[in-house]
Amino acid sequence: MRVLVKGAGVAGLTAAFELAARGVAVTVAEIGCGLGESASWFAGGMLAPWCERESAEQPVLDLGRDAADWWDAVLPGQVTRAGTLVVATPRDAGELDRFASRTSGHRWIDEEEIALLEPDLAGRFRRGLFFPDEAHLDPRQAMAALHDRLAAMGVEFRFGADARHVSGFDRQIDCTGMAAIDDRLRGVRGEMLILRTPDVSLSRPVRLLHPRFPLYVVPRTDHRFMVGATMIESQSTGPVTARSMMELLGAAYALHPAFGEAGIIETGASVRPAFSDNLPRVEARGSTVAINGLYRHGFLLAPAMGRQAADLVFNQDGTKELAHEADNQRRSA
């Protein structure tokens, strides 16, 4: 069987792996010139299903709870299992109670334990929430490593290729996100910064709660930190706005004043595809299987979506049941 995967974002790469691991001859066609031209390139890389449950429905937790295991098995060494720390300034302490009431998998910690987890935050926050089972990875490193693993497995990559003009395949998996022809999708713009400072050290993602612009800071290598992210109902792909820049920098400064002296080494914006309920879908349409609507949960949900898509390719008799699995989960949420 020969399968064409359209799109080399995180959904396309994970689907390609699930197929190649089952012995399928896979070709990935990407209209961009490389891996860095999808929304996945600007992701935070947090594998945080329990935290995401604060604003997402139960299927996000159900589908994402095994994501860290998947990434760790496929790309050993790429996943950091250090949990997630959630804090708030004293004036926003009520946000912690609200966050705790909407999530599970956490424990309350005091100022002393915050200092043990993150010494650079010592004395800055009186209490917080710690989610010990969550993890994170660097999306760019993970995508590059997964590309190399797939190439070693015999997957062919065609960059700069319009998949509409590629033929000769038994099945296709459409992972083109906002480029897909689907009027049910809407765009949700996310903006991010990458800061560099040797004056702050963090071992895990830290979420700073705020009623208007909650922020997360994800540590990367070489004293870099990914700071994000806005969620704006817009399909604009323009540069980061001045307002978003000020809000993100202001929140980072509130987390630790040393971020005020950090260098801004990159800004970025991307448009994430979302359905009206913000839940992903895997659907079969003739010989094509579509993965879409991953919203802000790309690296968290892509492994589960990739498995579902591969199952659809291999189990045509069970197509209807599998295609509506996400719908069933939505109804039970």
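All figures in this text were calculated on a predicted structure; none of them were measured in a lab.

**Q** Is there a simple way to explain the overall build of the protein chain in this structure?
**A** When its secondary structure is counted, the protein chain shows 11 helices and 16 strands. For 333 residues, the compact-globule estimate of 2.2 N^0.38 gives 20 Å, and the protein chain sits close to it at 20 Å. Considered along the principal axes of its C-alpha atoms, the protein chain spans approximately 60 × 40 × 35 Å. Relative to its 333 residues, the protein chain shows a buried fraction of 56%. Counted over contacts in the protein chain with a minimum sequence separation of 6, partners at least 24 positions apart contribute 76%. Accessible surface, the protein chain as shown: approximately 14100 Å² in total, 49% of it carbon and sulfur.

**Q** Explanation requested: the sheet that holds strand E9 (residues 171-174) in the structure shown.
**A** Strand pairing within a sheet occurs via backbone hydrogen bonds; the two strands may be parallel or antiparallel. With mixed pairing, the 6 strands of this open sheet are ordered in space as E8-E2-E1-E9-E16-E15. A single partner strand is all that each edge strand has here, and the edge strands are strand E8 (156-159) and strand E15 (281-285). On average, adjacent strands in this sheet sit at an angle of 20° to one another, irrespective of strand direction.

**Q** Can you walk me through the pattern of salt bridges in this structure?
**A** Where charged atoms of side chains with opposite charge meet at close range, the side chains can pair. All chains considered together, the criterion is met by 25 salt bridges. Its salt-bridge partner being Arg22, residue Asp311 comes within 2.9 Å of it at the nearest N-O pair. Here Asp311 is found in helix H9 (residues 298-314), whereas its partner Arg22 is found in the loop between helix H1 (10-20) and strand E2 (25-30), with 289 residues between them in sequence. Residue classification places Asp311 among the partly exposed residues on the basis of a relative accessible area of 23%. Across the pair Asp182 and Arg184 runs a salt bridge, and its minimum N-O distance is 2.8 Å. Residues joined in a network through salt bridges with shared partners are Asp182, Arg184, Glu283 and Arg285.

**Q** I'm lost on the sheet that holds strand E13 (residues 224-228) in this one. Help?
**A** On the basis of which strands lie adjacent, the open sheet formed by 8 strands has the order E5-E6-E4-E11-E12-E13-E10-E14 and mixed pairing. Two strands close off the open sheet at either side, each with one partner strand: strand E5 (107-110) and strand E14 (263-274). Sheet twist, expressed as the mean angle between neighbouring strand axes with direction ignored, is 25°. Pairing analysis gives 4 bridges linking strand E12 (residues 215-219) to E13, with the strands arranged antiparallel. Note on E13: the bridge partner recorded for Tyr216 is Gly228. The strands touched by helix H8 (residues 242-255) within the sheet are strand E4 (84-88), strand E10 (186-196), strand E11 (206-209), E12, E13 and E14, with E10 carrying the most contacts at an inclination of about 50°.

**Q** Can you help me understand the packing of aromatic side chains in this one?
**A** The relation between two aromatic rings is expressed through the spacing of the ring centres and the mutual angle of the planes. One pass over the full model with this rule turns up 6 aromatic pairs. These aromatic residues form a ring-pair network of at least three members: Phe17, Trp70, Trp71 and Phe299. The ring of Phe275 has Arg281 sitting right over it, with the charged end atom 4.3 Å from the ring centre.

**Q** Could you clarify how one ought to interpret the nonpolar core in this entry?
**A** If you look at soluble globular proteins, the nonpolar side chains tend to sit buried side by side. The biggest cluster of nonpolar side chains holds 52 residues, and the ones touching the most others in it are Leu19, Val26, Trp71, Leu146, Ile173, Ile291 and Phe299. At the level of secondary structure, the elements contributing two or more residues to this core comprise strand E1 (2-6), H1, E2, helix H3 (58-64), helix H4 (67-74), helix H7 (139-152), strand E16 (288-292) and H9. Leave out the neighbours within four places in its chain, and Leu19 touches Val3, Val5, Val24, Val26, Ile173, Ala310, Val313 and Phe314. Counting 25 residues, the second largest nonpolar core, distinct from the first, contains Leu195, Val206, Val217 and Phe259.

**Q** Explanation requested: the pairing of E15 in the structure shown.
**A** Within a regular strand, side chains alternate between the sheet's two faces. Strand direction decides the pairing type here: E15 and E16, joined by 5 bridges, are antiparallel. If you follow Val282 over to E16, its bridge partner there is Ile291. Hairpin connection, E15 to E16: the antiparallel pair is bridged by 2 residues, and Gly286 has positive phi, about 65°.

Reading the values: the criteria
Residues numbered from 1 in each chain as written. Predicted model: local features only at pLDDT ≥ 70, side-chain atom pairs only at ≥ 80, totals over all residues. Heavy atoms only, no water. Helix = DSSP H or I, 4+ residues; strand = E, 2+ residues; numbered from the N terminus. Rg over C-alpha atoms; globule rule 2.2 N^0.38 Å. Buried < 20%, exposed > 50% of the residue type's maximum accessible area, 1.4 Å probe, protein only. Contact = heavy atoms within 4.5 Å. Areas by Shrake-Rupley, 256 points an atom, 1.4 Å probe, with all protein chains shown as cover. Pairing = 2+ DSSP bridges. Axes fitted to C-alpha atoms, helices over the stretch in contact; angles between N-to-C directions. Salt bridge = Lys/Arg side-chain N within 4 Å of Asp/Glu carboxyl O. Phe/Tyr/Trp six-rings, centres within 6.5 Å; stacked < 30°, edge-to-face > 60°. Lys NZ or Arg CZ within 6 Å of the ring centre and 35° of its normal. Core = buried A, V, L, I, M, F, W, Y, C linked by side-chain atoms within 4.5 Å.

Keep in mind that these numbers describe shape and distance, not what the molecule does.
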